[in-house]
Structure formats: structure tokens, C-alpha cells
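Observations on the three-dimensional arrangement
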Amino acid sequence: MSLLETVIFAVIKMLVIVVVMFLTVAYSVYFERKISAWAQNRMGPNRVGYRGLLQPFADVFKLLVKEDIVPDAAHKPLHTLAPFIALFVAFATYAVVPFGPSINLFGYDVKLVVADVNIGILYVLALTSLGVYGITFAGWSSGSKYSLMGGIRSSAQMISYEVSMGFSIAGVLLLSESLRPIEIVNAQYGWMWNAVLQPIGFITFVVSAFAETNRLPFDLPEAEPELVGGYHTEYSSFKFAAFFLAEYANMIIASCLIVTLYLGGWQIPYIDKLGLGETLTVILQVGAFIFKVVFMLFFFIWVRWSIPRFRYDQLMNIGWKVMFPLSLVNILWVAVLIMIFNL
Amino acid sequence: MSVKKRKKDLNFFEKIYIVEIAKGMMLTLRNMFRPKFTMEYPEVKFEPPSSYRGRPVLVQEKNNVERCVACGLCSRVCPALAIEVQANETELEKERYPEKFEINMLRCIFCGFCEEVCPEEAIVMSKDYELVFSNRNDAIYGKDKLLVQVEQLSDRLDYLRKFKQ
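A brief report on the enclosed structure follows. For clarity, every value in this text was computed on a predicted model and none was experimentally measured.

1. Quick word on the interface of chain A and chain B
- Contacts between the two partners involve 11 residues from chain A and, on the opposite side, 11 residues from chain B.
- Ranked by the residues each element gives to the side of chain A that touches chain B, the list is headed by helix H1 (residues 3-39) of chain A, at three residues.
- Class assignment of the residues belonging to the side of chain A that touches chain B gives a composition of eight nonpolar, two polar and one charged.

2. Digging into the sheet that holds strand S4 (residues 123-125) of chain B
Residues and elements named next belong to chain B.
- A sheet is described by the order of its strands in space; here three strands give the open sequence S4-S1-S6, paired in mixed fashion. Looking at strand neighbours, the two that pair on one side only are S4 and strand S6 (147-149), the edges of this open sheet. For this sheet the average axis-to-axis angle between neighbouring strands, irrespective of direction, equals 55°.

3. Quick word on the environment of A:Ala26
All names here are of chain A.
- Structurally, the position occupied by Ala26 is in helix H1.
- The exposure class of Ala26 is partly exposed, given the 17 C-beta atoms found within 10 Å.
- Residues Ala26 and Leu245, 219 residues apart in the sequence, show an inter-C-alpha distance of 7.6 Å.
- When sequence neighbours within four positions are dropped, the list of residues in contact with Ala26 reads Pro56 and Val60.

4. Quick notes on the environment of A:Lys34
Residues and elements named next belong to chain A.
- With respect to the helices, strands and loops of the structure, Lys34 is situated in helix H1.
- Residue classification places Lys34 among the buried residues on the basis of 21 C-beta atoms within 10 Å.
- Residues Lys34 and Gly52, 18 residues apart in the sequence, show an inter-C-alpha distance of 9.4 Å.

5. So, the nonpolar core
- Counting 80 residues, the largest nonpolar core has A:Ala86, A:Phe205, A:Leu245, A:Ala249 and A:Ile258 as the members making the most contacts within it.
- B:Phe101, B:Ala122, B:Tyr141 and B:Leu146 belong to the second-largest nonpolar core, a separate cluster that totals 21 residues.

6. Quick look at the sheet that holds strand S5 (residues 140-141) of chain B
Residue and element names in this part refer to chain B.
- Reading across the sheet, the three strands line up as S2-S3-S5 and stay open at both edges, with antiparallel pairing between neighbours. Each having just a single partner strand, strand S2 (83-89) and S5 make up the two edges of the open sheet.
- When S2 meets strand S3 (residues 96-104), the two strands line up antiparallel, connected through seven bridges. Counted as the bridge partner of Glu84 is Glu102 from S3.

7. Considerations on the packing of helix H3 (residues 76-92) of chain A against helix H10 (residues 237-262) of chain A
Residue and element names in this part refer to chain A.
- Where H3 contacts H10, the two axes come as close as 8 Å, and the packing angle between them is 25°. Taken together, the axes of H3 and H10 are roughly parallel relative to one another. In the packing of H3 onto H10, the handedness of the crossing is left-handed. Residues Pro83, Phe84, Ala86, Leu87, Ala90 and Phe91 of H3 touch H10, and the partners they reach there are Lys239, Ala242, Phe243, Leu245, Ala246, Ala249, Asn250 and Ile253.
- The residue inventory of the contact of H3 with H10, partitioned by class, reads 12 nonpolar, one polar and one charged.

8. Considering the packing of helix H2 (residues 55-65) of chain A against H10(A)
Residue and element names in this part refer to chain A.
- Relative orientation of the contacting elements H2 and H10 amounts to 140°, with a least axis distance of 6 Å. In terms of their interaxial angle, H2 and H10 are classed as oblique. Read as a crossing pair, H2 and H10 show a hand that is left-handed. Across from Val60, Leu63 and Leu64 in H2, the residues of H10 making contact are Ser237, Phe238, Phe240 and Ala241.
- Across the contact of H2 with H10, the residue classes break down as six nonpolar, one polar and no charged.

9. Re helix H12 (residues 312-341) of chain A
Residue and element names in this part refer to chain A.
- For H12, spanning 30 residues, the distance from its first C-alpha to its last is 41 Å, which sits close to the expected 44 Å at 1.5 Å a residue.
- Along its length, H12 reaches its greatest deviation from straightness, about 30°, at Ile318.
- Considered for burial, the residues of H12 that qualify are Leu315, Ile318, Gly319, Met323, Ser327, Asn330 and Val334.
- Considering only its buried residues, H12 is in contact with helix H5 (145-176) and helix H8 (199-212).
- At the C-terminal side of H12, Asn342 shows a positive phi close to 50°.

Parameters and conventions
Residue positions are given per chain, counting from 1 as you read along its sequence in written order. Here chains are named by letter from A upward and ligands by number from 1 upward, in the order in which they appear as written. With the structure being a predicted model, the display of local features is reserved for residues of pLDDT at least 70 and the display and counting of side-chain atom pairs for 80 or more, all residues being used for whole-chain, interface and lining totals. For every residue pair, C-beta atoms are placed from the backbone, and the pair is scored as a contact if these atoms sit within 7 Å. Counting from the N terminus, the helices are the DSSP runs of H or I reaching at least four residues and the strands are the DSSP runs of E reaching at least two. Gly is placed with the polar residues, together with every amino acid not listed as nonpolar (Ala, Val, Leu, Ile, Met, Phe, Trp, Tyr, Cys and Pro) or charged (Asp, Glu, Lys and Arg). Strands were regarded as paired on the criterion that DSSP finds at least two bridges between them. Note on geometry: axes are C-alpha line fits, over the in-contact stretch for helices, and angles between N-to-C directions span 0 to 180 degrees. Residues with at least 20 neighbouring C-beta atoms inside 10 Å of their own are called buried, those with 12 or fewer are called exposed, and the rest are partly exposed, where every C-beta is derived from the backbone. Put simply, a nonpolar core is a cluster of buried Ala, Val, Leu, Ile, Met, Phe, Trp, Tyr and Cys residues tied together by C-beta atoms within 7 Å. Orientation labels follow simple angle bins: below 35 degrees gives roughly parallel, above 145 gives roughly antiparallel, 65 to 115 gives roughly perpendicular, and whatever is left gives oblique. Handedness of a crossing is defined here by the sense of rotation of the near helix relative to the far one, left-handed for an anticlockwise turn of less than a right angle and right-handed for a clockwise turn. The length a helix should cover is 1.5 Å for every residue beyond the first. Here the bend at a residue is taken as the angle between two axes, fitted respectively to the seven residues that end there and the seven that start there.

Below, the structure is given as C-alpha cells:
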């Protein structure tokens, strides 16, 4: 493939991913509202469009036409920059998530991932830790004590949970012997999913992912009853929409990561035994990836409406005294697997 | 930090939370498939029971004459001073009728004292809860809006006969 062709394919893949991402983010908000309503025996939004399907667009439009208020005490440049850090980080991470195997399109061998980077996992870790800057800047630059509390909590939470997240990922990397997301998926061939091989690492990673995305039960940075919305108390209009979208985009990236690292990515066990055509197999595999991500999203929302928020000291206790040792135990377990079974 | 003794000590499975979290999540999952309580308001309307105190109305007999004799007791008892009655004479058997009967629906607190005090069962609380007006003058309901045919109010009148006193 020449350089030009590579660039053209990358641009097409980027466009597809960005459009799909925006739609998924918009509809994850819709499904969040629907599922919360169902869990509480309500109906949820059902007025805009058929069964409320146009509700996300109405929401976004409403936010865009609102007045953008910047408080007097705010540090204006940072106050403006913060939501865009959050949004940029949330959307940039998708570049390395593989959503399918290689496919033969018009005589070209196309990999179904925007950027097949050999340090993909490091890239994801680096970007997700940058995300905390958006929240901390927002909290600090708002000039409001509630926002500041939210920002501080957010950074403390991120530091505590990044550790166990990193160690759980280390277990995955030991097994796949690569930092390249595609090879991690390939290493989980058949039923060799990392969720099956290292359940402890799976649990610690999922819990850390909840903490990283600031979702309930770890949504202390926003904590509506105590902090009046936390870091985005002083935001309105488009900037608020940016934080809102970033939160849901983070949720989706966390689901994608869980699926890629632990649930076998686009792998369907024993699909090559069925003797399907190559194209059909690829379509089914992309469908499997989407299905798994949607299931994880449902899981995120489901947990949010089932489990109450942790207290701050409980959060720190769990992070350092439970999750961290558990992730170390998981590394030992993986080492034992490699020693004994030569996986 | 002192450790508080719990009334009931948690056993091991309760302490690792995972079982309890799974239980809680199954509860919410079950609820997702239960029937919904929501009434979709403009399409489906709530039909209140006869004990419901909606907006007060004047009872109109079948010959299109109101029962009210303009004694003014309702106006006197109204804690919110929402009712204004002006009496006049009439050739009918009841001799007096309300020339003007106005209830300010912005003031009315739906306490039902007017209905309780009325000697003629002429003012009763209806089941009507849809009160909409866009200015203060529209909120003053005159006889044109207050008079309601007696058969539409039979539920409430039966209820009053059964339970009043």
C-alpha cells in the first residue's frame, strides 16, 4: 500500500469511527435514561420522535442554545480549555481499539482499527490519565469551592485506581506478550478469554474502570447531593455538553477496553469450525464486538442504578487495601499459569 | 479511629460484597421487566375516586336552575376568601338566587369547607383537576364556568349523603 492509500484509508476509518462514536454517545445517554426509568418502573423519555428516539438530539440542541455563563471568579482560559481536554482525551482513545480482524476490501488488506500502534495499551493508559487534567482544571478554574472539592476528589481517585488498573493490565500483557491491541485480541483465541483465565484481574480492572470513568458507585467528583454537581457546577451550555459527552465517551472507551483486554475483542469461540465464508465471518465478528460493547454499556448503566455511592474513606480503603493487593495476586496467578501450563 | 460494633456481624460472603451486589443487581433487573406505573397524561387521564376534592362547582338542576340560594355561608367560611356571592330575589320557590357567584381559583385551597357548610348541597367538589389560566382575570371563575349539571356530579352527591356528618 502506498502512503496516499494508507492516509485515505485512515481518514475514512477515522470519519466512520467519529460518526459512530457521536451517535453511540448520544444514544448511550438515551439508553441511560430509559434503563434508569425501567429500573424504577417508569417509562423514560417517549415524547420526541417514535418512543423518544430523537430525545438525544433535542437534549444537545437545548444545551447548545443556552447561554454560556462564565463566573467572575473563574480563571477564564483554563475554564474554557478544561472541557475540551476532557472531550479530546475521550475521543482520541478510540484510535487504537480494534473492532474487527483484517478484511479484504477492493483488493486491499484493511485492518479494522484506525491506528495499529505497537504500544497501543500504553497510549490508552497515557491518554486516560490525561483525562483527569480536564476534570481537575475544571474544578480549580471555576473559582467555586464545590467544584474544587470535585476536582481534588477526582485526582485522588484517579491516582488510587490507576495503580490497580495498571497492574491488572500487566496480567493481560504477560499472557499476550505484546502491547499491540490486535495481538492481545488474537491471544484470546477460542475460549482463552482473559476474563476466564484471570477472573481476579477482570474484576479489579472492571472496578478500576468504573472509578476511572467517574461512574457510580465511584462518582465522587460529581456527587450531586454533596457537591452540587462537583467539577461541572459552574459550567453551562456547550461546555457542559462537552463534559457530559466526554463522560459517556469515557464510558464507551472503558467498555471497549474491557472487551478488548478481557472479553476476547471481536473473537467468537469456534466460529472457524462452522465453515462460513470469510466476509460473513468478519461481519459476524464485528457484530460480536459491538454486541459485547453494548452489553458492557448496559452493565455500566445497570450498576449505576443499583449500587449506592461509596463514602470517600471507603473509596480510598477499597482502592489501596483491596484492589491493589488483588491486582498483585492476579499477577502472581498469571505467572503460575505461565509457569505450569505454558500458556 | 474506634471501630463500632455492629448489631449483626456480617459473615464472609456479605463482607466481600460480591454476592450482595449481585443480589441488588438482580433486583433492579427484575424491576426492569415489571409493568410501569406511569400514566401517559394527555392520552390517559386519571379518574379520581368520589372522595377526591377537585375544583368546587355549583350544582345545576335539570331545569337549568342552580340550587344555590345565595345564603353566603360558603363565602363566610372560606379560609382563603376565594368566594364572592351577590344575592338577588327571584319569583321561584327558593326566592333568592346568586346574581353573581365568583370563585378565585388562584386563592382556592380545595379544603372543601364550602361544600361542608352548604345547607342546600348546592356547592360540591368536582373531580376536575385540570385548571389552566394564563392571567389573573381568567382565574376568577364566574357562574358560566361553575354551573355543572346534577347528573355529572351524582358520584360526589352520593358520597356526601353516605359520609357527611
